[in-house]
Amino acid sequence: MPRVVVFAVGNESRGDDGVGPGLLRLLEPALPAGGRAVLDFQLQVEHALELGDADLALFVDASCGLEAPFAFYEIGPEAAASSFTHALSPSAVLAVFRRIEQLAPPPAFVLGIRASRFELGQGLSPGAAADLDCALEFARELMAVPDPVAWRVHVGDRPGIA
């Protein structure tokens, strides 16, 4: 069985920014054997080490400006545009892995969940909670068939996906 690593990014005390951690908590029991969950407020260079023995990666985070409940797409390694060492994009994490390991990173995908409210001390908005439920159903389908070829079929294939 392919080894999947799921990164969830967000802060549950900042409104809809908590959709990533919320999804991971509910998805964790559905991870395939050998799968790993990684939860953090933001992606950093150290997260590249989590890709070392993974065959497939999924990055989950809040996403602004979506018309659909969630977006699902494949990414590749791209160098970070920032001169700062914190808050990398998923593509930048893949690029760090490629640079330090001198290997291609595993196939990687992003599951962005629609979010609009990020006030400190707030919980999820009702809309984000409903969108999280839609994304969770989809993510469970992904975990049932942890294969990049199968996942690519789902990129943009249904009304819930932007």
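Just above, that's the structure.
Before going into details, it helps to say that this report is about the structure given with it. (Residues numbered from 1 in each chain as written. Predicted model: local features only at pLDDT ≥ 70, side-chain atom pairs only at ≥ 80, totals over all residues. Heavy atoms only, no water.)

## Observations concerning the nonpolar core
Here is step 1 of the chain: Core analysis: the largest hydrophobic core is formed by 27 residues, its most contacted members being Val6, Leu23, Leu58, Phe72, Leu111, Met143 and Trp151.
Here is step 2 of the chain: Those elements that provide at least two residues to this core are strand E1 (4-9), helix H1 (19-27), strand E3 (56-63), strand E4 (70-75), strand E5 (108-114) and helix H3 (126-144).
Here is step 3 of the chain: Take this core: its biggest share by element is eight residues, from H3.
Here is step 4 of the chain: The contact partners of Val6, leaving out residues within four places of it in the chain, are Leu24, Leu31, Arg36, Ala37, Val38, Leu58, Val60 and Met143.
Here is step 5 of the chain: Residues Leu51, Ala57, Leu88 and Ala92 belong to the second largest nonpolar core, which totals 19 residues. (Core = buried A, V, L, I, M, F, W, Y, C linked by side-chain atoms within 4.5 Å. Buried < 20%, exposed > 50% of the residue type's maximum accessible area, 1.4 Å probe, protein only. Helix = DSSP H or I, 4+ residues; strand = E, 2+ residues; numbered from the N terminus. Contact = heavy atoms within 4.5 Å.)

## Describing the sheet that holds E5
Here is step 1 of the chain: What the five strands build is an open sheet, ordered E2-E1-E3-E5-E4; its pairing is mixed. Of all strands in the sheet, those bounded by a partner on one side alone are strand E2 (36-40) and E4. On average, each strand axis in the sheet is inclined to that of its neighbour by 20 degrees, with strand direction left out of account.
Here is step 2 of the chain: Pairing geometry for E4 and E5, over six bridges, is antiparallel. Residue Glu74 lies in a different strand from E5, and its bridge partner there is Phe109.
Here is step 3 of the chain: Across the face of the sheet, H1 comes into contact with E1, E2, E3 and E5 while running at roughly 145 degrees to E1.
Here is step 4 of the chain: Relative to E5, H3 is tilted by about 155 degrees, and along the sheet it contacts E1, E3, E4 and E5. (Pairing = 2+ DSSP bridges. Axes fitted to C-alpha atoms, helices over the stretch in contact; angles between N-to-C directions.)

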